[in-house]
Amino acid sequence: MPDVKMVNVTIDGHVVTVPDGTLVVEAAKLVGIEIPVFCYHHKLDPVGACRMCLVEISPGPPVAQAGCIRPVADGMVVKTQSAMAVQARADILEFELVNHPLDCPVCDKGGECPLQDFTFRHGYPTSRIDGPRLHFQKPIPLSPNIALDRERCVLCYRCTRYYDEVAWEQELTVAERGVHSVIASQFDQPLTSNFSGNIIDLCPVGALTSRLWRFESRPWDLHHTPSVCSKCAVGCNVTLWQRRGQLVRVTSRENDDIDEGWICDRGRFDYTDVNDPARLRVPAVHGSKTTWAVALNTVADGIKGKGSKLGISLPQDLTNEEAFLFRRLLDGPLRGAKVKMHGRTALPAPSGEQLMIKDIDDARVIIIVASDTENDVPIVNLRVKKAVSKRGAKLIVIHPDAVDLDRHRETVHIRNQPGEAAAEVRKLADHELLHEPGGPVAILYGDGRGSEDAAGLVAACTELAAKVGAKLMPLYRGTNERGSLELGVAGWDSLDGVEALLSWGPPPTAGVPASVKFHAVWDHLPRPEHQNASVVLPATSFAERQGSYTNLEGRVQFLRPAVDAEAPLKESWDVLCELAAALGLPLDYVGIFPIQREAAKAFPALAALAQPPSPEPEPVPVLMGPARP
Amino acid sequence: MADENGNDHDPTPLRRPGEGVPPKPEGEKPSIAGDVAALAGGLKTTLSEFFKPVVTTMYPEEKTPRSERYRGRHYLRRYDNGLERCIGCELCAAACPVGCILVIAAENTDEKRVSPGERYAKTYEINMLRCIFCGYCEEACPVQAIVLGPEYELSDTSREKFIYTKEKLLEPLPPDVEARLNAKGTAVPTPAPLPNPPPQGGRETTP
């Protein structure tokens, strides 16, 4: 990292020392002074489109200047509260509200809307506008999940810039020019990108809203819980929003080490199963409802002593705590059982030093082998795009089919025959890009969704990494695949021929084998496969579950329950402990914390479980006025 | 004894219960004539009340007049065309200091239009046992949908009956109250429901 010159700036009397090139709005944040912004977003390139951030800057011309595109300079004096700056911002807000419908009472953004807040804090107290306002069709469905309200739009272009800069998609654009500009999807086609939901969080007004959350509640009704996404192995941080026992919204929670505030549409919109009225809530044996004790004893009788005739099907979002309890069961009464984890890659547990997601930013060359990153690890895909388009990294993709990363003109896409990715990786050692100096090399490898020989591919990547001094990152697909691998329960056994089957989570994707005579299911939704199940146990969904996931870089993060698991639902660890007792293995844990402490002691990779979760960062106080003399 | 402001104060200190009755001042002797005179004085006051105007209201047969601004039970109002005024914005629930209002909103469709605009209240419940009749909900309402009417006799026989649901709240207001609300000019005029089909993304302005 080259030395960056530090400069001193005075903002409303506060002297702040920041690196040269910092924008005025960012410097003001450091001393807690709010400069209102619409178009500026700290993860997007500044454009200066909305002029909301006008401040007085000296030395300079005696006009209000946009603080979001102006880098600081040594000795600069910024006044946010001078009469000129205050009036300039109020005037801009008055312009923004000329055509704003002011339908805040029915707007889903109302209550958490920057336009509302800024109007209160920086705008004129009354309106002078009594003329006609623009009207559009409202709402316009942009996709099954997103609604567009053009009346409310302030044309900050955050959404289109995000699509362009971050997601590398072309679906959202500005139609017409000048005062006729409107946000529109390309050719009025529905948005199909896996990253479209982020524009809802980005929109500073109520123009882009979620159709799933539409009119479900006002923001102040909700209880929010910081948690982790359970849809893939990246482990994006999310906030789960609950009202009246229903999970009504999922939003991103910025963690610069992992997700930078973006989440994919699967994480954002795939939550309605939690509120399904058909959710299983009572244990059932052969279709008739019963108590937990009877059901668990029936399960224990059905699977006890079966040895290798017992199959255990595990879901990809098995928590570390459940995995640890399965480990204890597999070492004890269920020894010899065949274990199959669904939705996982064939990749083995990693060894040696691994690449962290945030290190992708600094890579000079990024090599992605046999992984459809857009669908398998979407937020890593965005990190790669950022490194390429904003940090100038070179990208080499080895994949048989077209991928979305090809949209960059300099992407080197090597199309291998399925199954021959390892050979292509070996050829790369002489690639000219890898011999240019400057910065590390990152190798990200998947398993081609089963089309590649995982062991051979890992060997080839490790060989290449040793030759060019690269760091490796295995791109797992299963949410807690890495944690389960480290605990040794991420099995890959065939379930054919088993007589008893314990399906933890949804039944096997390939169907229940015909040889199964006793089938016990722990699932949260009724499914046709449960028709012939001997025992069906009601499961908690990701919004009710406690536990932790290990993401693909080995970071252990906590899943916190947003919705109470109301009786007769039981926590997953509780069910497993009682099942173990029924099988003759007394596991008398009194809660999840003793399980976490013991797992941390037994498995070094889970040491973080014994640490108390790091506290939420304190919100930065917002100083509104100038410094006191 | 007068203080500097000219007020008289009884110099006798206040007594707490149990401190006993002070002894009668010395020199005052019991007298039958004095007692009879005191009795007659009391009876005179009582008898004189017979000839004064009666102020008792024979509630519940008779009722005292209510102030126009009296805050009794709540009503949800409708527009002249029958659409509900309530848009389900929950500002009443947000303003409510005791949290007795529950609103769950839903979206209007062309097939099922409940209120003008996009949003309506699917569920609207007020827990009258908890309500303190402060009228903040009425003040917060941006469309004058909720008003507190003149009724105050709300007793009932079970707690469940005190959860006023939307059906109950949508009962028509007493005509005089409705007329008064309309005459005060506080009522917003009946808006047109969204045109069907809505304008197609073009530039249209209100007349």
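Residues numbered from 1 in each chain as written. Chains lettered and ligands numbered in written order. Predicted model: local features only at pLDDT ≥ 70, side-chain atom pairs only at ≥ 80, totals over all residues. Heavy atoms only, no water.

**Details of the environment of Asn-416 of chain A**
All names here are of chain A.
Thinking step 1. Along the chain, the position of Asn-416 falls in the loop between strand E21 (412–414) and helix H11 (421–427).
Thinking step 2. Classification of Asn-416 as buried rests on a relative accessible area of 3%.
Thinking step 3. Through-space distance from the C-alpha of Asn-416 to that of Ser-252 is 36 Å; in sequence the pair is 164 residues apart.
Thinking step 4. When sequence neighbours within four positions are dropped, the list of residues in contact with Asn-416 reads Ile-398, His-399, Pro-400, Ala-421, Glu-424 and Glu-452. (Helix = DSSP H or I, 4+ residues; strand = E, 2+ residues; numbered from the N terminus. Buried < 20%, exposed > 50% of the residue type's maximum accessible area, 1.4 Å probe, protein only. Contact = heavy atoms within 4.5 Å.)

**A look at the sheet that holds strand E3 (residues 119–127) of chain B**
Residues and elements named next belong to chain B.
Thinking step 1. Ordered in space as E2-E3-E5, the three strands form an open sheet in which the pairing is antiparallel. Of all the strands in the sheet, just strand E2 (101–107) and strand E5 (163–164) have a single pairing partner and so form its edges.
Thinking step 2. As judged from the two bridges shared by E3 and E5, these two strands associate in the antiparallel manner. Of the residues in E5, the one forming a bridge with Ile-126 is Tyr-164. (Pairing = 2+ DSSP bridges.)

**Looking at the nonpolar core**
Thinking step 1. By size, the foremost hydrophobic cluster in this structure holds 185 residues, and its most contacted members are Tyr-162, Ile-366, Val-369 and Leu-444 of chain A.
Thinking step 2. When near neighbours in sequence (up to four residues on either side) are disregarded, Leu-444 of chain A contacts Leu-355, Ile-360, Ile-366, Ile-367, Ile-368, Val-369, Val-380, Val-384, Met-473 and Leu-475 of chain A.
Thinking step 3. Tyr-124, Ala-145, Tyr-164 and Leu-169 of chain B belong to the second-largest nonpolar core, a separate cluster that totals 29 residues. (Core = buried A, V, L, I, M, F, W, Y, C linked by side-chain atoms within 4.5 Å.)

**What to know about helix H4 (residues 158–166) of chain A**
Thinking step 1. Burial runs high along H4 of chain A: eight of the nine residues are buried.
Thinking step 2. Packing partners of the buried residues in H4 of chain A comprise strand E9 (172–175), strand E10 (182–185), helix H5 (198–202), strand E11 (208–210) and helix H10 (378–391) of chain A.

**Considering the confidence of the model for chain B**
Any region with low pLDDT has predicted coordinates that should not be read closely.
All names here are of chain B.
Thinking step 1. When pLDDT is averaged along chain B, the result is 83; 76% of the residues meet or exceed 70.
Thinking step 2. When mean pLDDT is compared element by element in chain B, E5 scores highest at 96, while strand E6 (residues 204–205) scores lowest at 42.
Thinking step 3. Counting interchain partners and residues more than four positions distant, the pLDDT-below-50 stretch residues 194–207 has 27 contacts.
Thinking step 4. The complex prediction reports pTM at 0.87, with the ipTM value standing at 0.84. (pLDDT = per-residue confidence, 0-100.)

**Describing the packing of helix H2 (residues 83–96) of chain A against helix H3 (residues 114–122) of chain A**
All names here are of chain A.
Thinking step 1. Look at H2 against H3: their axes get within 10 Å of each other, and the N-to-C directions meet at 140 degrees. Judged by the angle between their axes, H2 and H3 are oblique. In this structure, H2 meets H3 at a crossing whose hand is left-handed. Here H2 contributes Arg-89, Ala-90, Leu-93 and Glu-96 to the contact with H3, which in turn contributes Leu-115, Phe-118, Thr-119 and His-122.
Thinking step 2. A breakdown of the residues in the contact of H2 with H3 according to their chemical character gives four nonpolar, two polar and two charged. (Axes fitted to C-alpha atoms, helices over the stretch in contact; angles between N-to-C directions. Parallel < 35°, antiparallel > 145°, perpendicular 65-115°, else oblique. Left-handed = near helix turned anticlockwise from the far one by under 90°. Nonpolar A, V, L, I, M, F, W, Y, C, P; charged D, E, K, R; others polar.)

**Looking at the domain arrangement of chain A**
Thinking step 1. For chain A, the assigned domains are domain 1 (6–96), domain 2 (104–112 + 130–275), domain 3 (284–344 + 483–610) and domain 4 (357–475).
Thinking step 2. Using only C-alpha atoms to locate each centre, domain 3 of chain A and domain 4 of chain A end up separated by 35 Å. (Domains from an automatic or database assignment.)

**What to know about the confidence of the model for chain A**
Thinking step 1. When pLDDT is averaged across chain A, the result is 90; 97% of the residues are at 70 or more.
Thinking step 2. Put simply, strand E6 (residues 134–135) of chain A is where chain A has its lowest mean pLDDT, 84, and E11 of chain A is where it has its highest, 95.

**Observations concerning the sheet that holds strand E13 (residues 237–243) of chain A**
All names here are of chain A.
Thinking step 1. With respect to topology, three strands assemble into an open sheet ordered E12-E13-E14, the strand pairing being antiparallel. The open sheet has two edge strands, strand E12 (223–228) and strand E14 (246–252), and neither has a second partner. Across the sheet, the mean angle from the axis of one strand to that of its neighbour is 30 degrees, orientation sign disregarded.
Thinking step 2. Summarising the sheet, E13 and E14 pair through six bridges and their orientation is antiparallel. When the bridges of E14 are listed, Thr-239 appears paired with Thr-251.

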